[in-house]
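For reference, the chains in residue letters:
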Protein chains: 2
Amino acid sequence: MSATKLVNGLADTARLAARTLHAATGAERSAALNAIADAVLARSSEILAANEEDMVRARAAKINDSLLDRLLLTPARIEGIAKSAREVSNLPDPLGITLRHSTLPNGIDLQQITVPFGVIGMVYEARPNVTIDAAAILLMSGNAALLRGSSSAASSNQILVTVIRDALKTTKISPEVVQLVPSGDRDTVTALLNARGKVDLVIPRGSASLIRAVVDESRVPTIETGAGVCHVYVDEFADLSKAVPIIINSKTQRPSVCNAAETLLIHESLAKDFAPIALKALHDAGVVLHGDARTLALAGSIPITLANEENFCTEYGTLEMNVAIVDSVDDASAHIAKYGTKHTEAILTENKANAQRFIALSDCAAVMVNTSTRFTDGGQMGFGAEIGISNQKLHARGPMGLEAMTTTTWIVTGDGQIRS
Amino acid sequence: MSATKLVNGLADTARLAARTLHAATGAERSAALNAIADAVLARSSEILAANEEDMVRARAAKINDSLLDRLLLTPARIEGIAKSAREVSNLPDPLGITLRHSTLPNGIDLQQITVPFGVIGMVYEARPNVTIDAAAILLMSGNAALLRGSSSAASSNQILVTVIRDALKTTKISPEVVQLVPSGDRDTVTALLNARGKVDLVIPRGSASLIRAVVDESRVPTIETGAGVCHVYVDEFADLSKAVPIIINSKTQRPSVCNAAETLLIHESLAKDFAPIALKALHDAGVVLHGDARTLALAGSIPITLANEENFCTEYGTLEMNVAIVDSVDDASAHIAKYGTKHTEAILTENKANAQRFIALSDCAAVMVNTSTRFTDGGQMGFGAEIGISNQKLHARGPMGLEAMTTTTWIVTGDGQIRS
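Note that the structure is predicted; figures quoted are calculated from it, not measured. (Residues numbered from 1 in each chain as written. Chains lettered and ligands numbered in written order. Predicted model: local features only at pLDDT ≥ 70, side-chain atom pairs only at ≥ 80, totals over all residues. Heavy atoms only, no water.)

Participant: Would you explain the overall build of chain A in this entry?
Facilitator: Assigned secondary structure in chain A consists of 15 helices and 16 strands. Expressed along its principal axes, the backbone C-alpha trace of chain A runs to roughly 70 × 70 × 35 Å. Look at the contacts in chain A between residues 6 or more apart in sequence, and 72% of them connect residues 24 or more apart. Summed over its atoms, the accessible surface of chain A is roughly 15,600 Å², and 55% of this surface lies on carbon and sulfur atoms. Each charge sign in chain A was given a centre, from 38 positive and 45 negative side chains, and these centres are 5 Å apart. (Helix = DSSP H or I, 4+ residues; strand = E, 2+ residues; numbered from the N terminus. Contact = heavy atoms within 4.5 Å. Areas by Shrake-Rupley, 256 points an atom, 1.4 Å probe, with all protein chains shown as cover. Lys, Arg positive; Asp, Glu negative; His and termini not counted. Charge placed at Lys NZ, Arg CZ, Asp CG, Glu CD.)

Participant: Sorry if this is basic, but what is going on with the sheet that holds strand 10 (residues 305-306) of chain B here?
Facilitator: In any sheet, the strands associate via hydrogen bonds between backbone groups, in a parallel or an antiparallel arrangement. Taken together, 10 strands build an open sheet; the order of strands is 1(A)-2(A)-16(A)-13(B)-12(B)-7(B)-8(B)-11(B)-9(B)-10(B) and the sheet is mixed. The open sheet is flanked by strand 1 (98-103) of chain A together with strand 10 of chain B, the only strands paired with a single partner. Direction of pairing for strand 9 (residues 288-291) of chain B relative to strand 10 of chain B: parallel, over a ladder of 2 bridges. Bridge pairing in strand 10 of chain B places G291 of chain B opposite L306 of chain B. (Pairing = 2+ DSSP bridges.)

Participant: Explanation requested: the relation of the copies chain B and chain A in the structure shown.
Facilitator: The operation relating the two chain copies consists of a rotation about an axis and a shift along that axis. Note on the identical chains: chain B maps onto chain A by a rotation of 180 degrees and an axial translation of 0.0 Å, with an RMSD of 0.1 Å. Each copy turns onto its partner about a two-fold axis. Looking at the rotation axis and the C-alpha trace of chain B, the residue lying nearest is H395 of chain B, at 1.7 Å. Here 100% of the interface residues in chain B have copies in chain A that are interface residues too; the copies meet face to matching face. (Least-squares fit on C-alpha atoms with pLDDT ≥ 70 in both.)

Participant: Is there a simple way to think about the sheet that holds strand 3 (residues 119-124) of chain B in this case?
Facilitator: Residues and elements named next belong to chain B. Pairing is parallel across the open sheet formed by 4 strands, whose spatial order is 5-4-3-6. Either end of the sheet is taken by a strand with one partner, and the two such strands are strand 5 (178-180) and strand 6 (201-205). Between one strand axis and the next, the sheet turns through 20 degrees on average, direction left out of account. Together, strand 3, strand 4 (144-148), strand 5 and strand 6 form the strand contacts of helix 6 (residues 129-140), whose direction differs from that of strand 3 by roughly 160 degrees. In the packing of helix 7 (residues 154-168) onto the sheet, the strands contacted are strand 3, strand 4 and strand 5, and the crossing angle to strand 5 comes to about 160 degrees. (Axes fitted to C-alpha atoms, helices over the stretch in contact; angles between N-to-C directions.)

Participant: Help me understand the interface of chain B and chain A in this model?
Facilitator: How large an interface is tends to be reported as the accessible area lost when its parts come together. Across the boundary between the two partners, chain B contributes 74 residues, which contact 75 residues of chain A. At the boundary of chain B with chain A, the tally comes to 14 salt bridges. Ionic pairing is found between R419 of chain B and D377 of chain A, a salt bridge with its closest N-O pair at 3.8 Å. Counting the contacts that link chain B with chain A gives 43 residue pairs in polar contact (both at pLDDT 80 or more). Top element by residues in the side of chain B that touches chain A is strand 16 (residues 406-413) of chain B. It accounts for 7 residues. (Salt bridge = Lys/Arg side-chain N within 4 Å of Asp/Glu carboxyl O. Polar contact = N/O pair within 3.5 Å; in protein donor to acceptor, adjacent residues only side chain to side chain.)

Participant: Teacher, can you tell me more about the packing of helix 10 (residues 240-252) of chain B against helix 11 (residues 274-284) of chain B here?
Facilitator: Geometrically, a packed helix pair is captured by the angle between its two axes and the distance between the axes. Residues and elements named next belong to chain B. Taken N-terminus to C-terminus, the directions of helix 10 and helix 11 make an angle of 35 degrees; their axes are 10 Å apart at the nearest point. Two packed elements cross with a definite hand, and for helix 10 against helix 11 that hand is right-handed. For the pair helix 10 and helix 11, the contacting residues are L240, A243, V244, I247, I248 and K251 in the first and F274, I277, A278, A281 and L282 in the second. (Left-handed = near helix turned anticlockwise from the far one by under 90°.)

Participant: So what exactly am I meant to see when it comes to the packing of aromatic side chains here?
Facilitator: The relation between two aromatic rings is expressed through the spacing of the ring centres and the mutual angle of the planes. Residue and element names in this part refer to chain A. Inspection of every chain in the model, using the stated rule, returns 6 aromatic pairs over all chains. Judged by centre distance (6.1 Å) and plane angle (15 degrees), the ring pair of Y233 and F358 falls under stacked. Residue Y233 is found in strand 7 (residues 230-234), and its partner F358 is found in helix 15 (residues 352-361); the two are separated by 125 residues along the sequence. Comparing Y233 with F358 shows no difference in burial state: the two are buried. (Phe/Tyr/Trp six-rings, centres within 6.5 Å; stacked < 30°, edge-to-face > 60°. Buried < 20%, exposed > 50% of the residue type's maximum accessible area, 1.4 Å probe, protein only.)

Participant: Hey, could you run me through helix 7 (residues 154-168) of chain A in this one?
Facilitator: For the α-helix, the turn length of 3.6 residues means that residues three or four positions removed from each other point alike. Taking 1.5 Å of rise per residue, the 15 residues of helix 7 of chain A would be expected to cover 21 Å, and the 21 Å separating its terminal C-alpha atoms lies within 8% of that figure. At its buried positions, helix 7 of chain A is contacted by helix 2 (26-42), helix 3 (44-60), strand 3 (119-124), helix 6 (129-140), strand 4 (144-148) and strand 5 (178-180) of chain A. (Expected span 1.5 Å × (residues − 1).)

Participant: Just checking my understanding: could you explain the pairing of strand 3 of chain B for this structure?
Facilitator: Note on strand geometry: in a regular strand, side chains alternate between the two faces of the sheet. Residues and elements named next belong to chain B. Counting buried positions along strand 3 yields 6 of 6 residues, so the element is predominantly enclosed. Side chains V119, G121 and V123 project from strand 3 onto one buried face, and the interleaved I120, M122 and Y124 project onto a second face that is buried too. After leaving strand 3, the chain enters helix 6 and then returns to the sheet as strand 4, a path that is right-handed. (Right-handed = clockwise from strand over helix to strand, strands pointing away.)

Participant: Help me understand the packing of helix 2 of chain A against helix 7 of chain A, please; the structure alone is not making it clear to me.
Facilitator: All names here are of chain A. Between helix 2 and helix 7, the least distance of the axes is 9 Å, while the angle of their chain directions is 130 degrees. Taken together, helix 2 and helix 7 sit at an angle that is classed as oblique. In this structure, helix 2 meets helix 7 at a crossing whose hand is right-handed. Residues A32, A35, I36, A39 and V40 of helix 2 pack against V163, I164, A167 and L168 of helix 7. Residue composition of the contact of helix 2 with helix 7, grouped by class: 9 nonpolar, no polar and no charged. (Parallel < 35°, antiparallel > 145°, perpendicular 65-115°, else oblique. Nonpolar A, V, L, I, M, F, W, Y, C, P; charged D, E, K, R; others polar.)

Participant: Explain the pairing of strand 7 (residues 230-234) of chain B to me, please; I cannot follow it from the model alone.
Facilitator: Residue and element names in this part refer to chain B. Burial within strand 7 is extensive, with 5 of its 5 residues counted as buried. Burial along strand 7 is two-sided: the residues C230, V232 and V234 and H231 and Y233 are all buried. By the bridge criterion, 5 bridges tie strand 7 to strand 8 (residues 261-267) in an arrangement that is parallel. Of the residues in strand 8, the one forming a bridge with Y233 is L265. With respect to chirality, the unit in which strand 7 leads through helix 10 into the neighbouring parallel strand 8 is right-handed. Here 4 bridges tie strand 7 to strand 12 (residues 344-348), and the two strands are oriented parallel to one another. Its bridge partner being in strand 12, V232 is matched across the sheet by A346.

Participant: Help me understand the environment of S362 of chain A, please; the structure alone is not making it clear to me.
Facilitator: Residues and elements named next belong to chain A. If you trace the backbone, S362 turns up in the loop between helix 15 and strand 13 (366-369). By relative accessible area, S362 is classed as buried at 7%. If we skip the residues at most four places from it in the chain, S362 touches E345 and V367.

Participant: Would you explain helix 3 of chain A in this entry?
Facilitator: Residue and element names in this part refer to chain A. The end-to-end C-alpha separation of helix 3 is 24 Å, in line with the 24 Å expected for 17 residues at 1.5 Å each. Of all the positions in helix 3, only I47, A50, N51, D54, M55 and A58 are classed as buried. Along the axis of helix 3, the buried positions cluster into a sector of 150 degrees, meaning they face one direction only. Exposed residues lying more than 90 degrees from the buried face of helix 3 are S45 and A60. Structurally, helix 3 contributes buried residues whose contacts are with helix 2, helix 4 (65-71), helix 5 (75-89) and helix 7. Immediately beyond the C-terminal end of helix 3, within one or two residues, lies K62, with a positive phi of roughly 55 degrees. (Arc of directions from axis to C-beta.)

Participant: How should the pattern of salt bridges be read in this particular structure?
Facilitator: When the charged atoms of two side chains with opposite charge come close together, those side chains can pair. Under the criterion given, the structure shown has 66 salt bridges over all chains. K242 of chain B serves as the salt-bridge partner of D415 of chain A, at 2.6 Å between the closest nitrogen and oxygen. Of this pair, D415 of chain A sits in the segment after strand 16 (406-413) while K242 of chain B sits in helix 10, which puts the two residues in different chains. Overlapping salt bridges, with partners in common, bring together R15 and D200 of chain A together with K342, D363, K393 and R397 of chain B in one network.

Participant: Is there a simple way to explain empty space enclosed by the protein in this structure?
Facilitator: Rolled over the atoms, a probe as big as a water molecule pinpoints where empty space is left. All names here are of chain B. For the structure shown, the criterion picks out 1 cavity of 30 Å³ or more. When its volume is computed, the largest cavity comes out at roughly 30 Å³. Lining the largest cavity are L33, I36, A85, I132, A135, A136 and I164. Secondary structure elements with two or more residues in the lining of the largest cavity: helix 2 (26-42) and helix 6. Take the lining of the largest cavity: its biggest share by element is 3 residues, from helix 6. In the lining of the largest cavity, the residues fall into 7 nonpolar, no polar and no charged. (1 Å grid on protein atoms, 1.4 Å probe; cavity = no way out; pocket = protein on both sides within 12 Å on 5 of 7 lines; lining within 4 Å. Points joined across faces, edges and corners; volume = space filled by probe spheres on them.)

In short, shape yes, function no, at least from these values alone.
Given below as C-alpha cells:
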C-alpha cells in the first residue's frame, strides 16, 4: 500500500474514533490519561525491553552519545513520563470554554466556544517520551493523534502506542484515536504533510532542520516552533544591581535551549563603567565573547573577538555571546529587528516609557522587562504541559499548552430568526 | 527589477513605516481612517475618472456583466466606501487588549496582550472597494498593507492608494504603511506568496480558484477563506412552524454567498408529513431540487431529480438544493462530515440533547440552532467590518473582524528575577 493511502487511512480511522473523544467529558478524558499513566508503569519492563532493542540498533549504528541519551528510557524516566501524563490529566479542561458571548439585537444568542482541531499529526525525533507527552496533551484537548516518531525509536514508540491503546480499551474513548505512523521510510512523513483535509494540523518537534523541512514541505497547516536568537538590552536607566545576574542567567543557566540569550546590547551611556563589568562577569562564567568595535575598545584584558554579521545571526546554544553598544531603545530595537528571530527579547530599565517603547518596537513572542529570557517556558508560565514554543504569529505565539491545541466554533442559537 | 526584489522592497519599506503605526494611539489610527474617508469623498471625481479608464478597458476586453458591475464605482458606491472606513474607525481599538494576566509565584507579572501582525498582504479581485476596506481594517489593527488587486482595477486601485497615502501625510502615520503591489503580471503575486519573513500573513479574497491557488502556492502563512456547502438538518423534534421559513431563508435570501444552504436533511420521522411541505415551499420559491431515493419517493408531483455524489458536494450559489432523508442526528452529522466544507451547519430542534449532540459532532466554523445559516456574517454578528470568513481552523474561524488581524505578545515584567 502507498504511504499516502496508508496515512490517509489512519487519519480517517482516527477522525471517526475521535467522535468518542468529542462525546467524552473532561473527567472521562482525564481518567483516560490516568489509565495510560497506570499502564505505562505497570508495563515498564516491556517498555524497557523494547527501548533496549532501539538502543542496541543505535549503538550498532554508532549514533552519537547525546542522541543515545535522548533515546534511552530508564525506570526513572518511565516514572517521569507517567507523572507528566497525570499532570496533564489534572489541568483544567480546555474544551467548551466560552470565549465570547453576546445577545444580538434580533434576540439571537451568540457564543464562541473552544473545540478540538480534530486530527493532529506530530512529527518528532528520537525522544520516546514525546510519544506519551504528545498523546496526553492531544487526548486531553480532544484531538486524535497521528504520531510519526523517528525510526531510531521505532520499537519504543511501538510498545508505547500499544500501551496507550490497550489502556484506552478500558475507557469510553476508542483506542483508534491514537495512531502510530510507521517510521520505516520518509514517505510517511511526506504523506502526512500532504494529507490536506485529512489532517487538521501538523506540529513538528525537534531540530531546527526538521522544523524547517516540515514547514516548507507541508500543505497541511503547521505550527512552527523554532530558533531563538534572543537579546538582552541594558538600558541607560537600568538598575545595574539586577543587570549582571539577569545577563548571566539568560546566557548560562541552560545555554542549549531556544530561550537562552545570544546577544547583549548595552546603552552607550553605560559603556565606560558597566560594560567592562558585564564582560568580566560573562568571561568569568566561561562565556566566549564576540563584540562590535565599540565593545572591543572597552574590553581591556578580557579576551573578545570582533563579531561579524554571522555572529549576530547565530543561535549558539553554547557558552558564547555577542555584545554590542547601542545609542538608544530605538537603536537596540533596530538591531533586534535586523538579527532577532522574534522569540524573546529582554529590556532592563527602570524607565516605564523606555520599557513601553521597547515593547512597542519588539516584534516577538515574549518581551522580558527586568527579568531573564529563560522565563519563556510553559512550565514557568504556569501552563502545566507544553507541546512546544510557537515562534510564529498565526494561532499561537510563545509556549503552547492545552489551550493552543483547540480551535473555536460559533454557536448561534435562535428561536426561528431569519435574515431580512 | 525582479518581482521578488520589488515586493521584498515594498515589504521592507512598509515594515519600517509600520513603526509609526505601532507608536500611534487608537485615537490616532482612528483619525487617520477618518482622514482617508474625507479624502475619498473630496477626490471622488478623480476616483471616478480613473475607474472609467478601467471600465473602458474592461468593456473593450468584453468582460462579462457581473465582473463589470463589481469593477464599477459610482458616487453612491464611493460614499459607501467612505462610510465603511468611518465605521471601522469607530470600532474599539483591537490593540493592547490584555487577554490573560497573572502573577507567578516568583512575583513575575505575566500578561498576554494583542499586537499587530506587522505586514499583511492582500490578494484580491476586481472590486476596488476592497482596496479601501482592507486598508482601513489593516491600519486600524496596526498592520502595514501590501495590496495586490487585479489588473482589471489597476487605475482605480492606483488612485485609491494615492488618496490613502496623501491623506496619511496629514497624520502621524507614515504613508508608506500602505503599498500598492503592481498588478501588471502574476509574478508579483508569486513574489508576495514567497516573501517569507518579509510578509507576516497573506489573505486571499475572491473566487474559490483564487483562494485555492494562494493557499497552495504560499510559503507565507495564509488565512484560508472558502467555499460553503452548508446544511440545514430538520430534527425529529423540530418546531415545524419555524422550519420552512428558516429553510427558505437559508437557501434563497442570497444564494450566491458562502453561508447560503445547499442541502436540506430531514429526519425520517418527518418524511411523510413534513418533507412534501418543504419540497413544495422550495419549489414555489423557484428552487431546483435534487434528492436521494427516499426523498424522490415523497415528492409526488414536485419536479426533483436524483442527487448524485457530485450534487451533495456542490456549492451551487444559485437556486438549487439537495434534499436527503436521514435516520438520526448522528446520521445527519455523518452526511455533513462526508460532504460539508466545515463552514456553517444548522439544526432545527427543540430537543437540547440533540442540539448538543449535533454541535459536538459538527466540525465547522458556525453551528446554527433554530436559525438561518445566513447569520454567519461579521456584520450580523456585530463585528462591524469583516475582512473575510475564515474557513480553516488555525488562528481565526468564521467571520474575521479587527481582532482576527491581531496576534499576541507575552509581556513578562519582573524585578530582577532569574531562573533557578
